[in-house]
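So you can see what is in the structure, the chains are spelled out below.
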Amino acid sequence: MQSLYTASTGMLAMQTQIDTTANNIANVNTIGFKKSRAEFADLMYRVMEYAGTSTSDTTKSPTGIEVGLGVRPTAVNKIFSEGSLKQTGNQLDLAITGKGFFKLELPDGTQVYTKNGAFKVDQNGTIVNSDGYTLIPQIVIPPNATNISIGTDGTVTVIQPGQVQATQIGQIQTTAFINPAGLHSMGSNLYLETDASGQPVEGVPGIDGLGTLRQGFVELSNVELVVELTDLITGQRAYDANSKIITTSDQMLQTTNNLKR
Amino acid sequence: MQTGYYSSAAGMVTQFNRLDTIANNLANVNTNGYKENNLIVGDFMRLYKEKRDDLPNANNTKEAAQFINRTMAKAPQIVDAYTNFTVGNMQKTSNQLDLALSRDNLFFAVKTPEGVRLTRDGSFTLDDEGKLVTKQGYEVLGNDYAKSKEGITFSTTDTVINIDKNGQISTNVPGSLNLTQNKKLFIASVDNLKYLQKEGDNLYKLDDMKRMHGNEESGAVVQGFVEKSNVNAVKMMTQLIETNRLVGMYQKAMDAQMNDMDRDAIEKIARK
């Protein structure tokens, strides 16, 4: 009864789809979140009759008979389309419009990347993210600064008391990857470089294909509920259909068992 | 002994095989670019007629009679399998690297370690070197692949990737939105779709590569869409019910022959 196992691969694959959809929906309001999409491919084929075998002296079987053995998930693919921007008016909220990630450093020195630009300052005035990880290159806001302004190219300037001219105190750089879908998601909106993502390419926002920065905005999640709910429905129905195969296979086995009374 | 008993048994086996195919179709109901498989069950009359037509002897000889008898004992069986290549539903994803083909005899060509394979699953991605690859990491081939042996490469400065209906890829000049032409996708068509052999991983194998041709003006590439599976769930469910009921019927037939009739024969004849 191959069908029992085939249907169970189907159920497992659909479970993956529902899990992915659930995570997308759960993160519909997460700043800088990028949705994922489960993708599948057919498994292998058992050949019952090879194409091209002779059916008589002069004729050959044109197609052969192959029975597929099910399905497997091939990828849970992160989709880096842009989320919509929300104005917050907060001086340290930054959104990247286009390609690029902010680089952060974890306490152990690991460099990680994020799309979440809702930054804060810590007790020393250093720009950090909500978990306290430092933005790289490190920028320290002077304690007496009255106004912080961040240009679309990442230049950070402040106005200090008694001064009319703004002083530049740093330059925010962003990082691009050739294959952002290959980054490893660590959770907490953070991504880690992998062999599949390619080397990080650092640069000034707005140059070499990197997106520009918007101060006072955050990038919302790119999850679209309509799409997710459609995927949820198709996933559930496919799960249903595969479970029907299992019950039917079971009934048919029972029928054969009834041959012997 | 009772030929009918073995025919029914063979009918049952056939239905179990059919169930395997239905199960595979339903397992792939959400697989991008998957094409439904169908089986043809050879009925008795057709097999009989086919065999009679190529009989070696005149119909009334002893050898011919033996031949027909042998043929008649052949029970229902799966004689053929075919893949339904109709185009599946198109789902809009707005993803630059999702491509679909809007006609049923066109394919993307990819380079695998075993050679060139065809696929309808156009949800591509880039690898760490910027090459356009499938989700299994196989390079997607451009129309110059025979000469260059290379796939299609993008760089981090390409923010806009535009692919027109013939598969011509254009990317923006760094720092502006003016497009320059990159490579062109190889869009394959096949002499006859029945030569394609499914290999798993959404790939099709072609034994004789001469049967594949390139299409410069296909007009069928759609960017930002993926082609979903073309499995028709209603049809599959109907077939599932049918399979289930047929097995029940064969069981009844076998039961009647072996249990009821034979018992009658043994009990009643023995009493006389």
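All of these numbers come straight from a predicted model, not from anything done at the bench.

Asks: Honestly, unusual backbone geometry in this entry has me stumped. Any pointers?
Replies: Residues other than glycine predominantly adopt negative phi, and peptide bonds predominantly adopt the trans conformation. Cis geometry is found at the peptide bond from A:I136 to A:P137, where omega equals -5 degrees. As for its placement among the helices and strands, A:P137 is situated in the loop between β11 (134-136) and β12 (147-150). A positive phi is found at A:S188, a non-glycine position, where the angle reads about 55 degrees. Positive phi is not limited to glycine here, since B:N202 has a value of about 60 degrees. Residue class for B:N202 comes out buried when judged on the 28 C-beta atoms lying within 10 Å of it.

Asks: I'm lost on the domain arrangement of chain B in this one. Help?
Replies: The parts lose accessible area when they come together, and the size of an interface is often stated as this lost area. Residue and element names in this part refer to chain B. One can read the domain layout of chain B as domain 1 (3-85 + 231-271) and domain 2 (90-227). In this complex, domain 1 contributes seven residues to the contact, which on the side of domain 2 involves eleven residues. Taken together, the residues that form the side of domain 1 that touches domain 2 break down as three nonpolar, four polar and no charged.

Asks: Would you mind going over the packing of helix α2 (residues 225-257) of chain A against helix α5 (residues 233-271) of chain B with me for this structure?
Replies: At their nearest, the axes of α2(A) and α5(B) sit 9 Å apart, and the two run at 10 degrees to each other. With respect to α5(B), the axis of α2(A) lies roughly parallel. Every residue of α5(B) that contacts α2(A) at A:A241, A:K244, A:I245, A:T248, A:Q251, A:M252, A:T255 and A:T256 is listed here: B:A233, B:M237, B:L240, B:N244, B:V247, B:G248 and B:Q251. Partitioned by chemical class, the residues of the contact of α2(A) with α5(B) number seven nonpolar, seven polar and one charged.

Asks: Explain the environment of B:R120 to me, please; I cannot follow it from the model alone.
Replies: All names here are of chain B. Mapped onto the elements, R120 comes out in the loop between β6 (115-119) and β7 (125-126). Between the C-alpha atom of R120 and that of V190, which follows or precedes it by 70 residues, the distance is 13 Å. Once residues lying within four places of it in the same chain are set aside, the contact partners of R120 are G33, L101, F107 and E227.

Asks: Is there a simple way to explain the confidence of the model for chain B in this structure?
Replies: Low pLDDT marks stretches whose predicted atomic positions should not be read closely. On average, residues of chain B score 84 in pLDDT, and 87% of them reach the 70 mark or higher. For this predicted complex, the interface confidence reaches an ipTM of 0.75, while the overall pTM sits at 0.80.

Asks: I'm lost on the nonpolar core in this one. Help?
Replies: Core analysis: the largest hydrophobic core is formed by 56 residues, its most contacted members being B:A109, B:L132, B:V140, B:L185 and B:A188. Discounting chain neighbours no more than four positions away, the residues touching B:V140 are B:F108, B:V110, B:F124, B:L132, B:V133, B:T134, B:G151, B:I152 and B:L185. A:A13, B:M12, B:A27 and B:L240 belong to the second largest nonpolar core, which has 28 residues in total.

Asks: Can you walk me through the interface of chain A and chain B in this structure?
Replies: Taken together, the contact between chain A and chain B spans 62 residues of the former and 56 residues of the latter. Looking at which element gives the most residues to the side of chain A that touches chain B, the answer is α2(A), with 13 residues.

Asks: What is the right way to read the domain arrangement of chain A from this model?
Replies: Residues and elements named next belong to chain A. The domain boundaries assigned to chain A delineate domain 1 (2-80 + 223-257) and domain 2 (85-219). Taken residue by residue, the interface counts eight residues in domain 1 and eleven residues in domain 2. Its residues placed into classes, the side of domain 1 that touches domain 2 shows three nonpolar, three polar and two charged.

Asks: Can you help me understand the sheet that holds strand β10 (residues 161-163) of chain B in this one?
Replies: Working definition: the strands of a sheet are paired by backbone hydrogen bonds and lie parallel or antiparallel to each other. Residue and element names in this part refer to chain B. Pairing within the open sheet is antiparallel, and its three strands lie in the order β10-β11-β12. Sheet topology places β10 and β12 (179-184) at the edges, where each strand pairs with a single neighbour. Each neighbouring strand pair of the sheet contributes to a mean axis angle of 30 degrees, computed without reference to strand direction. As defined by bridge partners, strand β11 (residues 168-172) adjoins β12 across four bridges and the pair is classed as antiparallel. By the bridge assignment for β12, Q168 is matched with K184.

Asks: Whenever I open this one, α2(A) confuses me. Can you help?
Replies: Because an α-helix completes one turn every 3.6 residues, residues spaced three or four positions apart along the sequence face the same direction. Between its terminal C-alpha atoms α2(A) stretches 48 Å, which fits the 48 Å expected from 33 residues at 1.5 Å a residue. Looking only at α2(A), the buried set comprises A:D231, A:G235, A:A238, A:Y239, A:A241, A:N242, A:I245, A:T248, A:S249 and A:M252. Against α1 (2-26) of chain A together with α1 (3-27) and α5 of chain B lie the buried residues of α2(A).

Asks: Just checking my understanding: could you explain the environment of A:P143 for this structure?
Replies: Residue and element names in this part refer to chain A. Examined against the element boundaries, P143 turns out to sit in the loop between β11 and β12. Residue classification places P143 among the exposed positions, given that 9 C-beta atoms sit within 10 Å. Spatially, the C-alpha atoms of P143 and Q160 are 9.2 Å apart, while their sequence positions differ by 17 residues.

Asks: What is the right way to read the sheet that holds strand β13 (residues 155-159) of chain A from this model?
Replies: Residues and elements named next belong to chain A. The antiparallel open sheet is built from three strands, whose spatial order is β12-β13-β14. With partners counted over all chains shown, the strands left at the sheet margins are β12 and β14 (167-171), one partner each. This sheet shows a mean twist of 25 degrees between the axes of neighbouring strands, independent of strand direction. Of the pairings in the sheet, the one linking β12 to β13 comprises four bridges and is antiparallel in character. Bridging from a neighbouring strand, N147 pairs with I159 of β13.

Asks: Can you walk me through the packing of α1(B) against α5(B) in this structure?
Replies: Two quantities define a packed helix pair, namely the angle between the axes and the distance from one axis to the other. All names here are of chain B. Running from amino to carboxyl end, α1 crosses α5 at an angle of 160 degrees, the nearest separation of the two axes being 9 Å. Judged by the inter-axis angle, α1 sits roughly antiparallel to α5. Here the hand of the crossing between α1 and α5 comes out left-handed. Note on element contacts: α5 touches α1 through M236, Q239, L240, T243, L246, V247, Y250, A253, M254, Q257 and M258, opposite G4, Y5, S8, A9, G11, M12, Q15, R18, L19, I22, N25 and L26. Of the residues assigned to the contact of α1 with α5, the class counts are 14 nonpolar, eight polar and one charged.

Definitions and limits used
Residues numbered from 1 in each chain as written. Chains lettered and ligands numbered in written order. Predicted model: local features only at pLDDT ≥ 70, side-chain atom pairs only at ≥ 80, totals over all residues. Helix = DSSP H or I, 4+ residues; strand = E, 2+ residues; numbered from the N terminus. Buried ≥ 20, exposed ≤ 12 C-beta atoms within 10 Å, placed from the backbone. Domains from an automatic or database assignment. Contact = placed C-beta atoms within 7 Å. Nonpolar A, V, L, I, M, F, W, Y, C, P; charged D, E, K, R; others polar. Axes fitted to C-alpha atoms, helices over the stretch in contact; angles between N-to-C directions. Parallel < 35°, antiparallel > 145°, perpendicular 65-115°, else oblique. pLDDT = per-residue confidence, 0-100. Core = buried A, V, L, I, M, F, W, Y, C linked by C-beta atoms within 7 Å. Pairing = 2+ DSSP bridges. Expected span 1.5 Å × (residues − 1). Left-handed = near helix turned anticlockwise from the far one by under 90°.

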